[in-house]
Amino acid sequence: MATTDVGYDRLAEQKAFSATKAGVKGLVDAGVKELPRMFHAPPHFLNGRPPAPAGDPEFSVPVIDLAGARADHDLEERKRIVQKFSDASAKWGFFQVVNHGVPTSTQNRIRAGTHQFFNQDAEAKKEYFRAEPMSKVVYTSNYGLYTTPVAY
């Protein structure tokens, strides 16, 4: 859907972004200095809340500690942890998980593999670009590009 702002065609911007099959990293690699307008949240999107000022202590990523989630621990504690996932997902859309038991060496290999993939030439990554979330391998950006009010 195109916006009513004179000189701005949101649909054209979305299509151009999607056609690159390079995602946000492609914008960075292309040297974009300003975030495209399709990523700007309209004022009503914030539900009347002003954005948090930089450095606001209330603006911190939720941390979920899985130390009490082991099968041999208290069921009520496990329920509280599950509720933390639900709350963080609903309020923030993301969170940090600690005490999950994944060895640091595994985390480092995952991080290195991720960097290796994203640092490839754009043409190499396009082979894996998919819009279908159920594919075995998915490299995409913005599943809801044409349906959400703000690109993510």
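Conventions adopted
- Residues numbered from 1 in each chain as written.
- Predicted model: local features only at pLDDT ≥ 70, side-chain atom pairs only at ≥ 80, totals over all residues.
- Heavy atoms only, no water.
- Helix = DSSP H or I, 4+ residues; strand = E, 2+ residues; numbered from the N terminus.
- Buried < 20%, exposed > 50% of the residue type's maximum accessible area, 1.4 Å probe, protein only.
- Contact = heavy atoms within 4.5 Å.
- Patch = residues over 30% accessible without salt bridge, like charges linked within 9 Å, V, L, I, M, F, W, Y side chains within 5 Å.
- Areas by Shrake-Rupley, 256 points an atom, 1.4 Å probe, with all protein chains shown as cover.
- Salt bridge = Lys/Arg side-chain N within 4 Å of Asp/Glu carboxyl O.
- Expected span 1.5 Å × (residues − 1).
- Polar contact = N/O pair within 3.5 Å; in protein donor to acceptor, adjacent residues only side chain to side chain.
- Lys, Arg positive; Asp, Glu negative; His and termini not counted.

**Q** Teacher, can you tell me more about the overall build of the protein here?
**A** When helices and strands are counted, the protein shows 5 helices and 2 strands. Start at the N end of the protein and walk to the C end: the helices and strands fall as α-α-β-α-β-α-α. Within the protein, the proportion of its 152 residues that are buried is 17%. Relative to all contacts within the protein whose residues are 6 or more apart in sequence, the contacts with residues 24 or more apart total 53%.

**Q** I tried to follow a nonpolar patch on the surface on my own but got confused; where do I start?
**A** On the surface, a nonpolar cluster with roughly 300 Å² of combined accessible area is contributed by Val138, Tyr143 and Tyr152. Within the element layout of this structure, Tyr152 appears in the segment after helix H5 (122–126). Here Tyr152 falls in the partly exposed class, since its relative accessible area comes to 48%.

**Q** Could you clarify how one ought to interpret helix H3 (residues 75–91) in this entry?
**A** The end-to-end C-alpha distance of H3 is 24 Å, a good match for the 24 Å that 17 residues give at a rise of 1.5 Å each. If you check the start of H3, you find a side-chain oxygen 3.3 Å away from the backbone N of Glu76, and it comes from Asp74. Trailing H3 by a residue or two, Gly93 shows a phi angle of about 90°, which is positive.

**Q** Just checking my understanding: could you explain unusual backbone geometry for this structure?
**A** Trans is the prevailing form of peptide bonds, just as negative phi is the prevailing case for residues other than glycine. Of note in this structure, Lys21 is not a glycine but carries a positive phi near 55°. You can see Lys21 is positioned in the loop between helix H1 (10–20) and helix H2 (23–29). The phi angle at Asn99 is positive, at roughly 55°, despite the residue not being glycine. Secondary-structure assignment places Asn99 in the loop between strand E2 (96–98) and helix H4 (104–118). A relative accessible area of 51% places Asn99 in the exposed class.

**Q** Can you help me understand the side chain of Lys125 in this one?
**A** Structurally, Lys125 can be placed in helix H5. We note that Lys125 is buried and unpaired, the nearest opposite charge coming from Asp29 at a distance of 4.4 Å. Other than its neighbours up to four places away in sequence, Lys125 contacts Lys25, Asp29, Phe117, Phe118, Gln120 and Tyr139.

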